[in-house]
Each structure stands twice: as C-alpha cells, then as structure tokens.
Amino acid sequence: SSAWDKQRNYFNGYEIIAPDLDMETLNQNADKVYALCRDKENIIIIGWSMGWLVALKLLEYKGLDIKVMVSISGMPKFISEDYIENGVKRSELRALRIGLKKDFISALNRFYQQHGIPQVAFSMLAKKDLLIKQLDILEKEDLRNNLSLIKCPALFIGGAGDILCPPQMQDYMASRVGNSMVRIMENSAHAPFLDNSEEVNYFMQRWINESGNFSLN
C-alpha cells in the first residue's frame, strides 16, 4: 500500500511488506499476511486501524519470528462501548454502512473529514462492496483475549484527536501487555503515521532499538 511510503523511505535499508488488506474476512486477510512473512526472520509487525486486528489474529499462527509489535491507532475490538467510555458505538457503525450504500463517495469523504484521515490512506476507487463487507469485521470481531498472546515488546501509538480509536483504547491494550509503552501524538487524529510521520518513525525506531531484541540503524 502506498499509504506507507513515508515509512518505506525512513526505513529504506530494510525489507518492508505492506500488503493491501483487500479480503472480505479477518481470517482471509491474516492468511494473506502470514503467507508473505512466514519464512522471514526478525519480524516487526506494524498494524494501523483494522490492520492491528489482523496483527492480533496473526498471533494465533505458529512459527512466526515476531520480535516487536506496533499498533498505530489500533483496536482489539472496534465497537468500544462495552469496555471504554469513548469510541465508536454499534449504532454509529451501522449508520456509516447505510450511508455508504446510499452515496458511497460522499459518505466516504465525509467520514475522512470527520475523523482526520488523509485521503492518501485509502483509494477513493476502493470497491464499494468490499469496503461495506469489511465493516462486518469492525462490527463483529473481538480480539481482546489475543492481547495476552503478545510475548514481545509492544508499542501503542495513538492520536490525541482520534475519535475512532481514542487514547483510552491504547492505554487499555498496553495495560494488558507486559513489555509495552503508549505514545500519544498531540497533533494527530486517526492516522498519525501520515500526518506526523517524522515523529512516529523516529519513535518507532527508538522503541525498537531500546526493546533489546535487535537494533534498527
């Protein structure tokens, strides 16, 4: 995905695999990522938004050499009304689904603007049916228990202005992972790796170097 170009440039001495999550179900997307990285060593998994759900799902697979995990505006369960005060309610997600079915482009543009998501993060030519289908992932999946499967250092990055995955969600996840840290970007919303890329990249590199597993130069 071109959304990760700023990270590709910053970490240009390393192999970066950034597949599009273009499958309908969480299992299918996890299978796709697993097939790409199962033979790799010293894996750093970075998941943004729904991509973090895929990252948590990968923890159920055997044999991955995961050294560090990084959540960027991620969530263990998108519908958050039953475990944190702020976040997205089920009724809001269902309203978005209705809006996308009625006027896909307008609803998508409005969603980007409301939540501070640069349009470079997604293709406006995304398949309508696929995007609406993937809302099922956000509505139904609950991977809070998978947080206990994280056995490596984990960094949780969020945006202070993130309505979808608020800072409280990053705190919730970090409190359930042994070796973890939370970093909240004050001038970011749901896509800090895009609108605050230099600070995010620097802090990821610093955290990875200090985690003790290996060093990124």
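Along each chain, residues carry numbers from 1 onward, in the same order as the chain's sequence is written. Predicted model: local features are reported for residues with pLDDT of at least 70 only, side-chain atom pairs are reported and counted for 80 or more only, and whole-chain, interface and lining totals are derived from all residues. No hydrogens and no water enter the side-chain calculation; it runs on all heavy atoms of the structure.

Visitor: Lay out unusual backbone geometry with the relevant residues and their values.
Guide: Positive phi outside glycine occurs at Ser49, with the angle close to 55°. In this text, helices come from DSSP runs of H or I with a minimum length of four residues, and strands from runs of E with a minimum of two, each type numbered from the N-terminal end. Tracing the backbone through its elements, the reader meets Ser49 in the loop between strand 1 (43–48) and helix 3 (50–58). Residue Ser49 is classed as buried on the basis of its relative accessible area, which comes to 14%. Any residue under 20% of the maximum accessible area for its type is buried, any over 50% is exposed, and the rest in between are partly exposed; the area is computed with a 1.4 Å probe on protein chains only.

Visitor: Describe the pairing of strand 4 (residues 180–185), listing the residues and the values that go with them.
Guide: Direction of pairing for strand 3 (residues 154–159) relative to strand 4: parallel, over a ladder of six bridges. By the bridge assignment for strand 4, Ile157 is matched with Arg183. Consider the strands pointing away from the viewer: the crossover is right-handed when the path from the first strand over the helix to the second runs clockwise. The β-α-β motif built from strand 3, the intervening helix 7 (residues 167–174) and the parallel element strand 4 has right-handed crossover chirality. Each pair of strands is called paired provided DSSP finds at least two bridges between the two strands.

Visitor: An account of the packing of helix 4 (residues 90–102) against helix 6 (residues 128–140) is needed here, citing residue identities and associated values.
Guide: All axes are obtained by fitting lines to C-alpha atoms, using only the stretch in contact for helices, and the reported angles, taken between N-to-C directions, cover 0 to 180 degrees. Axis separation between helix 4 and helix 6 bottoms out at 10 Å; the angle between their running directions is 175°. Considering the angle they form, helix 4 stands roughly antiparallel to helix 6. Residues Arg90, Leu93, Arg94, Leu96, Arg97, Leu100 and Lys101 of helix 4 pack against Lys128, Ile132, Leu135, Asp136, Leu138 and Glu139 of helix 6. Relative orientations are named as follows: roughly parallel for angles under 35 degrees, roughly antiparallel for angles over 145 degrees, roughly perpendicular for angles from 65 to 115 degrees, and oblique for any other angle. Should any heavy atoms of two residues lie within 4.5 Å, those residues are counted as being in contact.

Visitor: Go over the packing of helix 4 against helix 5 (residues 104–114), please, and point to the residues and values.
Guide: Look at helix 4 against helix 5: their axes get within 5 Å of each other, and the N-to-C directions meet at 140°. Viewed along their axes, helix 4 and helix 5 adopt a mutual orientation that is oblique. Mapping the contact onto sequence places Leu96, Gly99, Leu100 and Lys102 in helix 4 and Phe104, Ala107, Leu108 and Phe111 in helix 5. All amino acids are sorted into three groups, where Ala, Val, Leu, Ile, Met, Phe, Trp, Tyr, Cys and Pro are nonpolar, Asp, Glu, Lys and Arg are charged, and the leftover types, Gly among them, are polar. Tallied by class, residues from the contact of helix 4 with helix 5 come to six nonpolar, one polar and one charged.

Visitor: So what's going on with the packing of aromatic side chains? Which residues, and what values?
Guide: Only rings of Phe, Tyr and Trp enter the pairing, Trp through its six-membered ring, and a pair is recorded when the two centres are within 6.5 Å. The plane angle decides the type: under 30 degrees is stacked, over 60 is edge-to-face, the rest tilted. Under the counting rule described, the total for this entry stands at six aromatic pairs. With centroids separated by 4.8 Å and ring planes inclined at 35°, the aromatic side chains of Tyr34 and Tyr61 adopt a geometry described as tilted. Here the residue Tyr34 occupies a position in helix 2 (residues 26–37), and Tyr61 occupies one in the loop between helix 3 and strand 2 (66–72), the gap between them amounting to 27 residues. Between Trp48 and Phe193, the aromatic rings sit 5.0 Å apart at their centres with planes inclined by 55°, giving tilted as the arrangement. In this pair, Trp48 sits in strand 1 while Phe193 sits in helix 8 (residues 192–195), placing the two residues 145 residues apart along the sequence. Trp48 gets classed as buried once you look at its relative accessible area, which sits at 10%. Site record: aromatic cluster; members linked through ring pairs are Trp4, Trp48 and Phe193. Geometrically, a lysine NZ or arginine CZ counts as sitting over a ring once it is within 6 Å of the ring centre and also within 35 degrees of the ring normal. Sitting above the plane of the Tyr172 ring, Arg176 keeps its charged end 3.7 Å from the centroid. Directly above the ring of Phe203 sits Arg183, whose terminal nitrogen or CZ lies 4.5 Å from the centroid.

Visitor: So, the state of the cysteines: which residues are in play, and what are the values?
Guide: Cysteine sulfur atoms that pair up within 2.5 Å are treated as a disulfide. In this structure the tally under the stated criterion is zero disulfides. Among the cysteines around Cys152, which has no disulfide bond, Cys37 carries the closest sulfur, lying 13 Å off. The class for Cys152 is buried, based on a relative accessible area of 8%. Counting only cysteine sulfurs, Cys152 is the nearest neighbor of Cys165, a cysteine outside any disulfide, at a range of 20 Å. Since its relative accessible area comes to 0%, Cys165 is described here as buried.

Visitor: Requested: an account of the pairing of strand 3, with residues and values cited.
Guide: Two faces belong to every sheet, and in a regular strand the side chains alternate between them. Summarising burial for strand 3: six of the six residues are buried, a large majority. Neither face of strand 3 is exposed, since Ala154, Phe156 and Gly158 on one face and Leu155, Ile157 and Gly159 on the opposite face are all buried. Of the pairings in the sheet, the one linking strand 2 to strand 3 comprises four bridges and is parallel in character. Among the inter-strand pairings, Val70 is bridged to a residue of strand 3, identified as Leu155.

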